[in-house]
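Okay, here's what each chain looks like letter by letter:
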Amino acid sequence: MVEDIQQRKDHHLSLCLLDEVRAPMVHSLDGVRLEYDCLPEMDFEDVDLSTVLFGRRLSAPLLIGAMTGGSEAGAEINRNLAKAAQELRLGMCLGSQRAMIEKPDLAWTYDVRAMADGLPLVVGNLGAIQLNKGIGVSEIREMMERLPLDVLALHLNPLQEVIQPGGDTNWRGLLDRLRDVVSRLDVDVILKEVGAGVCGSAAEKLATLPVAGIDAAGVGGTSWSMVEALRAGNSPAAQAGRSLAWFGVDTARSIQNCRAAFGDRVVIGSGGISTGYHMAAALSLGADAVAVSQPLLAAAREGTREVVATLEAMIYELKVAMFCTGAAKVPALRKVARTSLSQPRPGPGPGSGPGPGPGIVP
Ligand SMILES: Cc1cc2nc3c(=O)[nH]c(=O)nc-3n(C[C@H](O)[C@H](O)[C@H](O)COP(=O)(O)O)c2cc1C
């Protein structure tokens with residue numbers, strides 16, 4: 001069983017490097033045009049990206065998104081990511097820790113503070129559906145005794161599960177189960193999708209839970225429908241997974257839905273965020289910070305230097321976008337005027353490509 005989880009996770013790591021697992025569409029954040037200001041009246045050096053998230057100070061509103069753990073390959077990737085997050089003082093999210101619940105001696109593969117003891121923020125991870133499958137408060141407490149976390153993310157991934165061979169498809173009663181478990185845990189909990197986004201009505205229901213926030217994880221980056229389709233042979237599920245690689249709530253809309261429902265709780269923007277401009281657009285739509293997963297994966301397989309270089313390029317571009325919109329601090333981005341394009345921002349760029357244009361962003 002655990003062997004299966006480890007193998008599946010390693011398979012995910014290699015599949016996620018393929019171009020075909022990107023959602024086949026122009027990125028919604030490429031359709032958000034922040035108004036360029038030719039008179040910013042500040043020094044570029046005055047742009048201040050520092051952000052306090054869950055009471056921890058980060059040098060920029062950026063987290064390395066949830067990806068891995070549970071295998072040797074995952075541990076190596078976590079090490080490279082953790083050292084980069086420590087060097088740049090960014091948040092770091094772990095991949096699903098289910099493998100270490102089932103096999104506690106895998107805890108070391110997630111122990112990023114043993115790999116980089118100066119990490120400012122570590123976010124753990126479990127599938128919310130596991131709460132319908134026997135994992136409860138005592139299993140989570142035990143997991144956290146073995147590996148203390150600053151925040152725990154519970155992911156919601158019905159599209160992925162229904163395409164995944166052997167996935168968990170009984171989602172009955174999960175909202176109440178979440179309410180019960182979350183209210184008895186003594187750690188900040190956030191919810192997250194995995195790249196299919198959060199619609200308005202789901203955001204409203206999830207906001208009734210005693211959670212600290214939500215990661216919008218919208219459509220536009222890694223398509224878990226496609227990843228699982230590639231593992232599902234030629235079954236009807238595989239065909240549905242390929243055909244629905246675009247399905248869900250796009251990242252821009254998902255951020256807006258989460259912000260509207262979650263008031264002043266934390267909203268993280270993610271799902272295909274691969275440039276500093278995407279970061280700026282996500283922050284302007286209401287995200288407090290963004291998370292980046294797949295765009296760091298190739299670098300994370302190489303080494304810490306490569307991850308740092310990728311992140312520094314994104315952070316520099318965010319700083320340029322802030323300078324040229326007159327936003328000296330991150331919250332000021334929400335006040336920047338923006339227009340939506342009926343046509344996407346012109347390519348080339350990682351978010352550009354053929355496909356339907358982005359939805360209108362008010
Ligand atoms: C290789 C890989 C493994 C992932 N594993 C997890 C996971 O274990 N738990 C989770 O909540 N999300 C997981 N995700 C989803 C990401 O956290 C993220 O929500 C999603 O990929 C969209 O972001 P992206 O387009 O930046 O990759 C994984 C993503 C990748 C690329």
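Each remark here, short or long, concerns the structure printed above.
Anyway, here's the lowdown on the structure attached to this text. (Residues numbered from 1 in each chain as written. Predicted model: local features only at pLDDT ≥ 70, side-chain atom pairs only at ≥ 80, totals over all residues. Heavy atoms only, no water.)

Looking at the site of the ligand
- Taken together, 21 residues form the shell around the ligand, and within it Ala66, Ser96, Asn125, Thr222 and Gly272 come nearest.
- Measuring from an oxygen atom of the ligand, one finds a side-chain N or O atom of histidine 155 at 3.1 Å.
- If the ligand stood free it would expose 600 Å²; the protein chains cover 97% of that surface.
- When atoms are counted within 2 Å of each cavity's grid points, the one that captures over half of the ligand is the largest pocket.
- Each residue belonging to the shell around the ligand can be placed in one class, and the counts come to 8 nonpolar, 10 polar and 3 charged. (Near = heavy atom within 4 Å. Polar contact = N/O pair within 3.5 Å; in protein donor to acceptor, adjacent residues only side chain to side chain. Areas by Shrake-Rupley, 256 points an atom, 1.4 Å probe, with all protein chains shown as cover. 1 Å grid on protein atoms, 1.4 Å probe; cavity = no way out; pocket = protein on both sides within 12 Å on 5 of 7 lines; lining within 4 Å. Sits in = over half its atoms within 2 Å of the grid points. Nonpolar A, V, L, I, M, F, W, Y, C, P; charged D, E, K, R; others polar.)

Some points on the sheet that holds strand β11 (residues 289-292)
- Reading around the circumference, β4-β5-β6-β7-β8-β9-β10-β11 is the order of the 8 strands in this closed barrel, with parallel pairing throughout. Going from strand to strand, the sheet's axes swing by 25 degrees on average, the running direction of each strand aside.
- Strand direction decides the pairing type here: strand β8 (residues 188-192) and strand β9 (residues 213-215), joined by 3 bridges, are parallel. Each residue of the ladder has a partner; that of lysine 192, found in β9, is aspartate 215. (Pairing = 2+ DSSP bridges. Helix = DSSP H or I, 4+ residues; strand = E, 2+ residues; numbered from the N terminus. Axes fitted to C-alpha atoms, helices over the stretch in contact; angles between N-to-C directions.)

Description of the nonpolar core
- Counting 105 residues, the largest nonpolar core has Leu81, Ile140, Leu154, Leu178, Leu191 and Leu311 as the members making the most contacts within it.
- Each residue touching leucine 178, except ones within four places of it in the same chain, is listed here: Ala128, Leu131, Leu154, Leu156, Ser183, Leu191 and Leu209.
- With 16 residues, the next largest nonpolar core counts Leu53, Phe54, Leu63 and Ala153 among its residues. (Core = buried A, V, L, I, M, F, W, Y, C linked by side-chain atoms within 4.5 Å. Buried < 20%, exposed > 50% of the residue type's maximum accessible area, 1.4 Å probe, protein only. Contact = heavy atoms within 4.5 Å.)

Notes on the packing of aromatic side chains
- All chains considered together, the criterion is met by 3 aromatic pairs.
- When the ring of phenylalanine 44 is compared with that of phenylalanine 323, the centres are 5.5 Å apart and the planes differ by 75 degrees; the resulting orientation is edge-to-face. With phenylalanine 44 in the loop between β1 (32-34) and β2 (51-53) and phenylalanine 323 in helix α14 (residues 304-323), the pair connects residues that are 279 residues apart, well separated along the chain.
- Judged by relative accessible area, phenylalanine 44 falls into the buried class, the value being 18%.
- By way of ring pairs, the aromatic residues Phe44, Tyr316 and Phe323 are connected into one cluster. (Phe/Tyr/Trp six-rings, centres within 6.5 Å; stacked < 30°, edge-to-face > 60°.)

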